[in-house]
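# Remarks on the overall topology
The lines below spell out each chain.
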Amino acid sequence: MQSLYVDADSWMHRASPRLKLGSLAVLGVALFATTDLRSLAVTLLAGGVLYLNVGMTWREALRRLQPVLLTIAFVTLFSLLFNPWHEAAVTVFRLVTLTLFAATLTATTTIAAFVDEITWAATPLERIGLVKAADIGLTVGLVVRFVPLIVGRYAAIREAHEARGLKIRLRTVLVPLVILTLRDADNIAAAIDARGIRRH
């Protein structure tokens, strides 16, 4: 599976994965603690600047975000139907900002570093017998690796529709995407069991 990591040498690449994950968590709390559009707009702009300077072309950077931004657009339209415009704007600013910072983090942090940090963070829970820290790390690593795979599947299905002159509809794209994703998940689960990775 293709990784979201971008092989470059920006200061974000050199920053500690633990610091980046912690900062993202703090940012998430701060974004939902304010409704000031000016503050949210400044934070969104900062996220955009960071994301566009991790070593990708503009085209690649926008391609990666396309499925997530489409989802945010649907959420925004739904929010506009039932809430005042200010609340809808706050929602879209928060979601886009989080998306930009999260995309920056995944583009500048390797999967191995993600797994190591998540496993370390889950260690206290393992000590009290709630979870297996290695399992948590493995799960997060697989989720991060699945994102580009799902994006690639979506692009392939969309291109197949366009090649046949078919109109792209949510149900005609979503059903094959879900089926292909579940099939890949089954194959990965079988590979994990065959290698005995989760045996303790």
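Not measured: the values here are computed from a predicted model. (Residues numbered from 1 in each chain as written. Predicted model: local features only at pLDDT ≥ 70, side-chain atom pairs only at ≥ 80, totals over all residues. Heavy atoms only, no water.)

## Things to note about the overall build of the protein chain
Heads up, the rule is: Comment: elements are numbered from the N terminus, with helices defined as DSSP H or I runs of at least four residues and strands as E runs of at least two. The buried label goes to any residue with under 20% of its type's maximum accessible area, the exposed label to any with over 50%, and the partly exposed label to all in between, with areas taken from a 1.4 Å probe on protein chains only. With residues, only the protein chains shown are counted as cover, and all accessible areas are computed by Shrake-Rupley using a 1.4 Å probe.
Along the backbone of the protein chain there are eight helices and zero strands. In the protein chain, the succession of helices and strands from N to C terminus is α-α-α-α-α-α-α-α. Residues classed as buried in the protein chain amount to 33% of the 200 residues present. Surface exposure of the protein chain reaches about 12500 Å², of which carbon and sulfur atoms provide 67%.

## A few points about the confidence of the model for the protein chain
Which entries qualify depends on this criterion: Confidence of the prediction at every residue is given by pLDDT, a number between 0 and 100.
A residue-level look at the protein chain finds 88% of positions with pLDDT of 70 or above and a mean pLDDT of 81. Here helix α8 (residues 170-194) is the element of the protein chain with the lowest mean pLDDT, 70, and helix α3 (residues 37-51) is the one with the highest, 93.

## Some words on the nonpolar core
What counts is decided by this rule: In plain words, nonpolar cores are sets of buried Ala, Val, Leu, Ile, Met, Phe, Trp, Tyr and Cys residues tied together by side-chain atoms within 4.5 Å. The criterion used for residue contact is that any of the two residues' heavy atoms lie within 4.5 Å.
By size, the foremost hydrophobic cluster in this structure holds 12 residues: V6, Y51, V54, M56, A61, L65, I72, V92, V96, L100, A103 and A107. For this core, the secondary-structure elements that each account for two or more residues are α4 (58-82) and α5 (85-107). Element by element, the count of residues in this core is highest for α5, at five residues. Every residue in contact with L100, bar those within four places of it in the chain, is listed here: L44, G47, G48, Y51 and L65. With seven residues, the next largest nonpolar core counts L37, L40, A89 and F101 among its residues.

## Overview of helix α2 (residues 17-31)
This is how the line gets drawn: Helices are assigned an expected span. That span is 1.5 Å times one less than the residue count. This arc is taken over the directions from the axis of the helix to the C-beta atoms.
The terminal C-alpha atoms of α2, which comprises 15 residues, lie 21 Å apart, in line with the 21 Å expected from a rise of 1.5 Å per residue. The set of residues buried in α2 consists of K20, L27, G28 and L31. For α2, the angular spread of the buried residues around the axis is 100 degrees, confining them to a single face. Away from the buried face of α2 by more than 90 degrees, exposed residues L19, V26 and V29 are located. Next to the buried residues of α2 lie α1 (11-14), α3 and α5.

## Remarks on the packing of α2 against α5
Packed helix pairs are characterised by how far apart their axes lie and by the angle those axes make with each other. Note the cut-off: Lines fitted to the C-alpha atoms define the axes, with helices restricted to the stretch that makes contact. Angles between their N-to-C directions range from 0 to 180 degrees. Here is the rule for angles: anything less than 35 degrees is roughly parallel, anything more than 145 is roughly antiparallel, 65 through 115 is roughly perpendicular, and the remaining ranges are oblique. Amino acid classes used here: Ala, Val, Leu, Ile, Met, Phe, Trp, Tyr, Cys and Pro are nonpolar; Asp, Glu, Lys and Arg are charged; the rest, including Gly, are polar.
Running from N to C, α2 and α5 point in directions that differ by 180 degrees, and their axes come no closer than 11 Å. What the angle tells us is that α2 and α5 run roughly antiparallel. Where α2 abuts α5, its residues K20, L21, L24, L27, G28 and L31 lie against R94, T97, L98, F101, A102 and L105. Residues belonging to the contact of α2 with α5 are distributed by class as follows: eight nonpolar, two polar and two charged.

## What to know about the packing of α3 against α5
We count it as follows: Crossing handedness is defined as follows: a turn of the near helix away from the far one that is anticlockwise and smaller than a right angle gives a left-handed crossing, while the clockwise case is right-handed.
Running from amino to carboxyl end, α3 crosses α5 at an angle of 25 degrees, the nearest separation of the two axes being 9 Å. The orientation of α3 with respect to α5, classified from their angle, is roughly parallel. Seen from above, α3 lies across α5 with left-handed handedness. Contact residues: L37, L40, A41, T43, L44, A46, G47, G48, L50 and Y51 in α3; W85, H86, A89, V90, F93, R94, V96, T97, L100, F101, A103 and T104 in α5. Residues that form the contact of α3 with α5 fall into these classes: 15 nonpolar, six polar and one charged.

## Concerning the pattern of salt bridges
Formally: A side-chain nitrogen of Lys or Arg and a carboxyl oxygen of Asp or Glu constitute a salt bridge if their distance falls within 4 Å.
All chains considered together, the criterion is met by five salt bridges. A salt bridge links R63 to E60; the nearest nitrogen and oxygen atoms lie 3.0 Å apart. Residue R63 and its partner E60 are located together in helix α4, separated by three residues, close to a single helical turn. Relative accessible area serves as the criterion here: at 22%, E60 is assigned to the partly exposed category. Two residues, E60 and R64, come together in a salt bridge whose shortest N-O distance is 3.1 Å. Of this pair, E60 and R64 both sit in helix α4, four residues apart, which is roughly one turn of that helix.

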